[in-house]
Amino acid sequence: MTGDQHTNHISIGQRLSRHALPRLQYFLFSPPHIFFYSILASRTFGTFGFARHTSRPFAKSKEPNLPTHRKKFLERHTLAFHTSTFVVEIKNQRRMENNIVNFNQHATTTLGMEKTSSKISLGQVFADRGGYINELNLFLAHFNSIPNLISEKNIDCKRANKWFSETYKSEIKHHYFIKRHFNGSKQAELDDIFYILFDDLIVDFDTNCSSARFLFSKTETSKIEKVISEIRKFKERSVRNKPLISLLVNTPHGIATKSLDITKPKLNIEDNYNDDFKNIHQTIYKRLSKQNDKGLVLLHGKPGTGKTSYIRYLISSIKKDVIFLPPNMATAITNPDLISVLIDNPNSIFVIEDAENIVVDREKDGSSPVSALLNISDGLLADCLNVQIICSFNTDISKIDSALMRKGRLIAKYEFKELEIEKAQQLSNKLGFDTSINKPMALTSIYNQDEKDFQQSRKTNPIGFQAINNNRLAEN
């Protein structure tokens, strides 16, 4: 009687003879590929479910509707199967209890993965997104084991690499590198440099990110610590030459940041803004300079009134990391990946420019991600992140969700308007223009008086009753 015949007989409830049992037992304890694809046992319910050979996921089959004496037959053999398995598990447990586990050996012993897993292909060592080599995949390709990883930041990789290649020249077994052009340089410079030495140590110098990574498994810890302590001598001084912002970008692997230099504008607060802004600026600057703080700054007004110039001046004056959310990524405020970025950048300033789609009233626009903004600025997350938020927008303040302007959450809010006549005239004279100003002007209009105005006056074609009235006036 074949396995399929047993399957059919049991599933339809036919009687089995005792002479057929050895064949059934052979079927139950046959090689795994037969067992798992032909008969599936449930320890929980003590029943068997049969599945045809198929690549589709197995769904728990219903228990056959069998007479009582046939159910007892199945239960006896199910119990025998469970009992034999349980005895084996008990024996294994006793063997484990007789062995003394020494956790101190974990750093120097491996799990023999070369026997239990296959090595990755060479094509997998290369990094995604047009990079060079992924250091983790490189370790797997060479040693077929999971590495320990230690990372050191702010390393002068050029000096460290030169010293390392000379000091450990006799120990280096393999060497990989890539050269790139940085910031428009004429000559390609070393970027990622990989050294393999000792038993299984990989040292990765990432010049562009000023970091060094150390991957190892079997190499003695004392050797690793010695190398790392020597590399730490090449740490760069935390001198901030140019202000930077971390621009949020979408990647195939989620949200990431890209560092960009920004130029600090030559901006005088008293000259470029109305008199009522001076106290607001001092409040904002003082709060944003404070460590382990949170809160929200709302800056709104017509285009060209100086919102972006002020934000650029502000973030380049305060010694904090700045994360910038561009308008095209407004929906990312509700993306869980954003929280990971903010966790990696505590005590930072989060700038959201053109934030109309984020701060509008939830009652008027159900898709507004105001709730996410509230959690970051003053919710439970705020106490952990310590991130301060600056939102700029052109929308009227009356359309903004009132929850954003509660006391204790709001650091400051200000509406940027055209510069008053007297101040506009003073600024125009200081810039060297001879224009006589007789009405309030936006900053862009004052700074660009010598540029041609390309905005054309709109000519409207009258329609309907207006067209009829115009024709009658023309006839008269």
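Structure: see above.
Worth saying up front: this structure is predicted, and the values here are computed from it rather than measured.

**Q** Can you lay out the overall build of the protein chain for me, pointing to particular residues and giving the numbers?
**A** When you go through the protein chain residue by residue, the secondary structure sums to 18 helices and 14 strands. Considering only intrachain contacts with a sequence separation of at least 6, the fraction spanning at least 24 residues in the protein chain is 62%. Within the structure as shown, the protein chain displays about 30,800 Å² of accessible surface, and the carbon and sulfur contribution to it stands at 50%.

**Q** Which residues make up the sheet that holds strand β3 (residues 148-153), and what values do they have?
**A** In space, the five strands of this open sheet follow the order β3-β7-β6-β5-β4, with antiparallel pairing throughout. Edge positions in the sheet fall to β3 and β4 (172-180), since each of these pairs with one other strand and no more. With strand direction ignored, the average angle separating the axes of adjacent strands in the sheet is 15°. Its contacts with the sheet put helix α6 (residues 135-143) on β4, β5 (189-197), β6 (201-206) and β7 (211-216), and the angle it makes with β7 is roughly 25°. In the packing of helix α8 (residues 221-231) onto the sheet, the strands contacted are β3, β6 and β7, and the crossing angle to β7 comes to about 175°.

**Q** Explain the nonpolar core to me, using residue names and the numbers behind them.
**A** Counting 33 residues, the largest nonpolar core has Tyr273, Ile284, Leu288, Leu299, Tyr310, Val351 and Ile390 as the members making the most contacts within it. With near-sequence residues (within four places) excluded, Tyr310 lies in contact with Leu267, Ile269, Tyr273, Phe277, His281, Ile284, Leu299 and Phe416. Residues Val341, Ile389, Ile400 and Ala403 belong to the second largest nonpolar core, which totals 32 residues.

**Q** Pulling in residues and values, what's your account of the packing of aromatic side chains?
**A** In the structure shown here, the tally under the stated rule is 17 aromatic pairs. Centre to centre, the rings of Tyr273 and Phe277 are 5.0 Å apart; their planes meet at 50°, and the pair counts as tilted. A network of ring pairs unites the aromatic residues Trp163, Phe164, Tyr168, Tyr195, Phe198, Phe205 and Phe234 as a single cluster. The lysine or arginine in question, Lys223, covers the ring of Phe198, its NZ or CZ lying 4.9 Å from the ring centre.

**Q** I'd like to hear about helix α11 (residues 307-317), residue by residue, with values.
**A** With eight of eleven residues buried, α11 is to be regarded as a mostly interior element. Those residues of α11 not exposed but buried are Lys307, Tyr310, Ile311, Tyr313, Leu314, Ile315, Ser316 and Ser317.

**Q** How would you explain the sheet that holds strand β13 (residues 388-393) if you had to name every residue and give the values?
**A** Within the open sheet, the seven strands sit side by side as β9-β8-β11-β12-β13-β10-β14. Their pairing is mixed. Only two strands of the sheet have a single partner each, and these edge strands are β9 (254-261) and β14 (410-416). Taking each pair of neighbouring strands and ignoring which way they run, the sheet shows an average axis angle of 20°. Bridge count between strand β8 (residues 244-251) and strand β11 (residues 322-325): two bridges; the pairing is parallel. Considered in β11, the bridge of Leu247 is made with Phe324. Contacting β8, β10 (295-301), β11, β12 (349-352), β13 and β14, α11 runs over the sheet at an angle of about 150° to β10.

Cut-off values and rules
- Residues numbered from 1 in each chain as written.
- Predicted model: local features only at pLDDT ≥ 70, side-chain atom pairs only at ≥ 80, totals over all residues.
- Heavy atoms only, no water.
- Helix = DSSP H or I, 4+ residues; strand = E, 2+ residues; numbered from the N terminus.
- Contact = heavy atoms within 4.5 Å.
- Areas by Shrake-Rupley, 256 points an atom, 1.4 Å probe, with all protein chains shown as cover.
- Pairing = 2+ DSSP bridges.
- Axes fitted to C-alpha atoms, helices over the stretch in contact; angles between N-to-C directions.
- Core = buried A, V, L, I, M, F, W, Y, C linked by side-chain atoms within 4.5 Å.
- Buried < 20%, exposed > 50% of the residue type's maximum accessible area, 1.4 Å probe, protein only.
- Phe/Tyr/Trp six-rings, centres within 6.5 Å; stacked < 30°, edge-to-face > 60°.
- Lys NZ or Arg CZ within 6 Å of the ring centre and 35° of its normal.

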